[in-house]
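Structural characterization, general
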Amino acid sequence: TNLLLEKWQRKRNKYKATYKGLVMQDLALFNQKRAKKSEGDRRTIDFKTVLAQISTVLPNLTLKEEDAQPMLDEIVKRSGLLVAVDGGAGYQFTHLTLQEFFAAKELESKQNELLAFFTQDPDAWREVLRLWCGLEHDSTELIRELYKTDPIMAFECLGDAQKVEEGYVKELVNIFKEGLAEAAENVSLARAFALVAADPRERGKDLLEFVQNSLREPESRIAAAEVLTLTNLPEAAKALAECAGYEPQIYPYLIRMGDLAVPALEE
């Protein structure tokens, strides 16, 4: 987003990238808050509403209301982050993830507000929450609060969080290690395990090793296989292939990994 707003066609841009970014953040949060479970498309904003929303931000940027249309045009034509739809009757973020990212940026200093949104509609705000944890700030307090209402989501956020108190990371990971066997029947838990285990940082390496070792235990073998499959890591495929040599029930999990499993099976 920085590249597209600032460096792309820099010589032709009239407005500062930071200003356009703040406008995008406001539009993203405005649209995200309108999300309803029953609505498949939560990205589109009609033309008049877009201009009205941009106009509410401009005074804080020392710009005038008449700058709304040219700024919108510059964002659309020179960044591609917003696109016109229905012949210009509406606008939408090029991808929902972009909207969720800018919404996370807008809520960077408002963790209580973000948690409230997530509590009201977890499906609509799940990715915003994960992206928020991926920003460069300490996510410890948010994850602690989240654990009280949604422990699995709190665990999942460890895979994205840039900064979390190391002691709390170990505490949370150890709690979930004890319940690995439940991941065989709980898709959300298996996904959370996989996201954290796929993290190349120390917290991920430690959990990946634990899950790989759990393939040796009959009571946790299927859960471990489910988690390893979801990591999409070559080393996970290798561990599964080695286990399948003496436990044929593991082969379906390798099949689900597709081409990624081929080198491990060849070896």
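For the structure itself, consult the block above.
Scope of this entry: the structure provided in the associated data block. As the structure is a prediction and not an experimental result, all values here were calculated from the model.

**Remarks on the packing of helix H12 (residues 202-214) against helix H13 (residues 221-231)**
Contact geometry of H12 with H13 gives a least axis separation of 8 Å together with a crossing angle of 135°. Judged on the interaxial angle alone, H13 and H12 are oblique. Pair H12 / H13 crosses with left-handed handedness. Side by side, H12 and H13 meet where Leu208, Val211, Gln212 and Ser214 of the first sit next to Arg221, Ala224, Val227 and Leu228 of the second. Looking at the contact of H12 with H13 residue by residue, the class counts come to five nonpolar, two polar and one charged.

**Structural notes on the pairing of strand E2 (residues 82-85)**
Side-chain positions along a regular strand alternate between the two faces of the sheet. As paired elements, E2 and strand E3 (residues 90-93) share four bridges and run antiparallel to each other. Paired with Leu82 across the strands is Phe93, a residue of E3. The loop that links E2 with its antiparallel partner E3 comprises four residues; one of these, Asp86, has a positive phi angle of about 55°.

**Some thoughts on the pattern of salt bridges**
In the structure shown here, the tally under the stated rule is 14 salt bridges. The salt bridge partner of Lys148 is Glu145, with a shortest N-O separation of 2.9 Å. Linking Lys148 with Glu145, this pair stays in helix H8 (residues 140-149), spanning three residues, or about one helical turn. Here the residues in one salt-bridge network are Glu127, Arg130, Glu156, Asp160 and Arg191, joined through shared partners.

**Concerning the pairing of E3**
Of the two faces of E3, the one lined by Gly90 and Gln92 and the one lined by Tyr91 and Phe93 are each fully buried. One ladder, built from two bridges, connects strand E1 (residues 45-46) with E3; its direction is antiparallel. If you follow Asp46 over to E3, its bridge partner there is Gly90.

**Describing the packing of aromatic side chains**
Where two aromatic rings form a pair, the distance of their centres and the angle of their planes describe that pair. Enumeration over the complete set of coordinates arrives at six aromatic pairs. Each ring, one from Phe93 and one from Phe102, has its centre 6.3 Å from the other, and the planes form 40°; the classification is tilted. For the pair Phe93 and Phe102, a shared accessibility class is recorded, and that class is buried. Arranged with centres 5.1 Å apart and planes meeting at 80°, the rings of Phe155 and Phe193 form a pair that is edge-to-face. With a gap of 38 residues between them, Phe155 in helix H9 (residues 151-157) and Phe193 in helix H11 (residues 187-197) connect regions that are remote in the sequence. The two residues Phe155 and Phe193 agree in class, both being buried. Pairwise contacts between aromatic rings join Phe93, Phe101 and Phe102 into one cluster. Sitting above the plane of the Tyr168 ring, Arg144 keeps its charged end 4.3 Å from the centroid.

**Here we look at the sheet that holds E3**
Taken in spatial order, the three strands line up as E1-E3-E2 in an open sheet, and their pairing is antiparallel. The outermost strands of the open sheet, each flanked by one partner alone, are E1 and E2. Strand contacts of helix H4 (residues 68-79): E2 and E3, with the helix running at about 100° to E2, the strand carrying the most contacts.

**Notes on the nonpolar core**
Within the largest apolar cluster, 84 residues are counted, with the highest numbers of intra-cluster contacts made by Trp125, Ile143, Phe155, Leu158, Phe193 and Leu240. In contact with Leu240, other than residues within four places in its own chain, are Leu215, Ala225, Leu228, Thr229, Ile250, Tyr253, Leu254 and Met257.

Reading the values: the criteria
- Residues numbered from 1 in each chain as written.
- Predicted model: local features only at pLDDT ≥ 70, side-chain atom pairs only at ≥ 80, totals over all residues.
- Heavy atoms only, no water.
- Axes fitted to C-alpha atoms, helices over the stretch in contact; angles between N-to-C directions.
- Helix = DSSP H or I, 4+ residues; strand = E, 2+ residues; numbered from the N terminus.
- Parallel < 35°, antiparallel > 145°, perpendicular 65-115°, else oblique.
- Left-handed = near helix turned anticlockwise from the far one by under 90°.
- Contact = heavy atoms within 4.5 Å.
- Nonpolar A, V, L, I, M, F, W, Y, C, P; charged D, E, K, R; others polar.
- Pairing = 2+ DSSP bridges.
- Salt bridge = Lys/Arg side-chain N within 4 Å of Asp/Glu carboxyl O.
- Buried < 20%, exposed > 50% of the residue type's maximum accessible area, 1.4 Å probe, protein only.
- Phe/Tyr/Trp six-rings, centres within 6.5 Å; stacked < 30°, edge-to-face > 60°.
- Lys NZ or Arg CZ within 6 Å of the ring centre and 35° of its normal.
- Core = buried A, V, L, I, M, F, W, Y, C linked by side-chain atoms within 4.5 Å.

Worth remembering: the numbers are spatial, not functional.
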